[in-house]
Amino acid sequence: FKIESEVCTRAEVMLYLTNMQNVYEGIYGEEIWNTQADGVSIQDSLKETVLARISRVKGLKLLAEEEGVSLNKEERDKAEQAGKEYFKTLSDEEIEILGVTEDLVIAMYEEYALADKVYHYLIQDVNPEISDDDARTITVSHILIRTFHVDTNGKVTPYSEAAKEEALQRATEILQLARDGENFEQLVLTYNEDVNGSLSFRKGEMPAAYEEAAFNLATDEISQIVETEYGYYIIKCISTLDREQTDRNKEKIMEQRKEEAFSAIYDEFVLTQIRNLNDELWEQVQFVHEEKCTTTTFFDVYNRYFDN
């Protein structure tokens with residue numbers, strides 16, 4: 001394919017794809033290619049993933065030129081050393097099957113390093129303040145009294161108004177038992193109609209009404225009845241703050257916001273670029289099933305030299 005002046009060759013795709021294929025097979029076995037996800041074969045899905053990732057690298061190379069970002073001598077030397085190291089791991093059969101050269105491998109490492117560099121250049125000033133409340137994970141127990149039926153075929157049917165009223169009455173009685181000092185965990189075991197009786201989560205992961213009630217509870221406090229699309233919940237707070245998980249959440253949120261900031265710039269840029277895919281050649285790209293083509297270390301070598 002081409003993106004403006006940048007060209008991706010069949011050899012580049014085959015090197016990337018074959019390494020990914022062999023990594024997958026090493027983890028899941030060759031039978032993985034006989035499976036599907038959402039009606040799409042894993043093989044076709046991996047091909048599309050590889051195409052998208054290489055396209056992004058080529059697009060970032062163009063963006064780097066526009067932003068005035070380039071590799072310094074040390075970075076180019078690293079790419080050369082990495083390329084030579086990886087190329088030496090390839091057998092003559094692999095070189096022939098993939099159609100690669102040492103110069104191509106070095107050029108690919110240079111492009112990947114440049115893509116990483118321009119990415120970090122664009123997000124260098126993104127440093128949002130993330131409060132404990134934004135990131136905190138809480139742990140709760142709950143009792144759900146459902147307001148729907150599920151038949152043997154998985155079809156969901158909401159309760160009638162009379163049945164909902166009866167469910168609400170049962171929830172009210174259970175809440176009173178909890179208020180009267182009954183052991184909450186025993187009440188969960190006895191009455192809960194959910195597959196889970198306890199969970200940990202942060203904001204944005206649960207239904208709004210459930211979340212609002214749960215995040216406003218103190219430790220050991222029990223909520224009023226909370227109505228959601230699933231039914232009536234009674235929630236007890238076990239912990240208002242998991243410090244370790246909250247700190248991990250802050251890191252995740254930070255990375256998400258950096259990616260969002262980057263995507264806003266990159267997506268706008270790439271939409272202005274002329275792109276062409278050689279559909280006929282792309283359809284001919286197939287997985288390699290040769291005993292002597294086992295290479296898996298293309299990305300490992302890159303990460304060893306350019307670990308950020």
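Residues numbered from 1 in each chain as written. Predicted model: local features only at pLDDT ≥ 70, side-chain atom pairs only at ≥ 80, totals over all residues. Heavy atoms only, no water.

Across its full length, the protein chain carries 12 helices and 11 strands. For the protein chain, whose C-alpha radius of gyration is 27 Å, the value lies well above the compact-globule estimate of 19 Å for 308 residues. Taken along its principal axes, the extent of the C-alpha atoms in the protein chain is 75 × 45 × 35 Å. In the protein chain, which comprises 308 residues, the proportion classed as buried is 41%. At a minimum sequence separation of 6, the contacts of the protein chain that also span at least 24 residues come to 76%. For the protein chain, the exposed area adds up to about 17600 Å²; of that, 46% sits on carbon and sulfur atoms. Charged side chains in the protein chain number 31 positive and 64 negative. The centres of these two groups are separated by 3 Å. (Helix = DSSP H or I, 4+ residues; strand = E, 2+ residues; numbered from the N terminus. Rg over C-alpha atoms; globule rule 2.2 N^0.38 Å. Buried < 20%, exposed > 50% of the residue type's maximum accessible area, 1.4 Å probe, protein only. Contact = heavy atoms within 4.5 Å. Areas by Shrake-Rupley, 256 points an atom, 1.4 Å probe, with all protein chains shown as cover. Lys, Arg positive; Asp, Glu negative; His and termini not counted. Charge placed at Lys NZ, Arg CZ, Asp CG, Glu CD.)

The next point concerns the nonpolar core. In this structure, L15, I54, Y86, V100, Y109, Y112 and F298 are the most contacted members of the largest nonpolar core, which totals 57 residues. Of all elements in the fold, only α1 (10-28), α2 (42-67), α3 (73-88), α5 (102-123), α10 (243-270) and α12 (298-305) reach the threshold of two or more residues within this core. For this core, the element with the highest residue contribution is α5, accounting for 12 residues. Grouped together as the second largest cluster of nonpolar side chains are 14 residues, I174, L175, A178 and L187 included. (Core = buried A, V, L, I, M, F, W, Y, C linked by side-chain atoms within 4.5 Å.)

Counting buried positions along strand β5 (residues 138-146) gives 7 out of 9 residues, so the element sits mostly inside the fold. Across 4 bridges, β5 lies against strand β8 (residues 198-201) in antiparallel orientation. Residue pairing in the sheet places S141 in a bridge with S198 of β8. In this sheet, strand β10 (residues 231-239) lies alongside β5 in antiparallel orientation, the contact comprising 8 bridges. For T139, the partnering residue across the bridge sits in β10 and is S239. (Pairing = 2+ DSSP bridges.)

Below, the discussion takes up the packing of helix α7 (residues 161-179) against helix α8 (residues 184-191). At their nearest, the axes of α7 and α8 sit 10 Å apart, and the two run at 160° to each other. One way to sum up the angle between α7 and α8 is to call them roughly antiparallel. For the pair α7 and α8, the sense of crossing is right-handed. Together, I174, L177 and A178 of α7 and F184, L187 and Y191 of α8 make up the contact between the two elements. Tallied by class, residues from the contact of α7 with α8 come to 6 nonpolar, no polar and no charged. (Axes fitted to C-alpha atoms, helices over the stretch in contact; angles between N-to-C directions. Parallel < 35°, antiparallel > 145°, perpendicular 65-115°, else oblique. Left-handed = near helix turned anticlockwise from the far one by under 90°. Nonpolar A, V, L, I, M, F, W, Y, C, P; charged D, E, K, R; others polar.)

A contiguous nonpolar surface patch, about 300 Å² in accessible area, is contributed by V23, I27 and Y28. Among the secondary structure elements, Y28 is positioned in helix α1. Classification of Y28 as partly exposed rests on a relative accessible area of 48%. (Patch = residues over 30% accessible without salt bridge, like charges linked within 9 Å, V, L, I, M, F, W, Y side chains within 5 Å. Salt bridge = Lys/Arg side-chain N within 4 Å of Asp/Glu carboxyl O.)

Now for the packing of aromatic side chains. For the coordinates displayed, the defined rule picks out 17 aromatic pairs. Summarising the aromatic geometry, the rings of Y16 and Y112 are spaced 6.2 Å apart at their centres and angled 65° between planes, so their arrangement reads as edge-to-face. Of this pair, Y16 sits in helix α1 while Y112 is found in helix α5, placing the two residues 96 residues apart along the sequence. In terms of burial, Y16 and Y112 fall into one category: buried. (Phe/Tyr/Trp six-rings, centres within 6.5 Å; stacked < 30°, edge-to-face > 60°.)

So, about the sheet that holds strand β1 (residues 2-3). A sheet is described by the order of its strands in space; here 3 strands give the open sequence β2-β1-β11, paired in antiparallel fashion. Each of the sheet's edge strands pairs with one partner strand only, and the pair in question is β2 (6-7) and β11 (275-276). Note: β1 against β2, 2 bridges, orientation antiparallel. If you follow K2 over to β2, its bridge partner there is V7.

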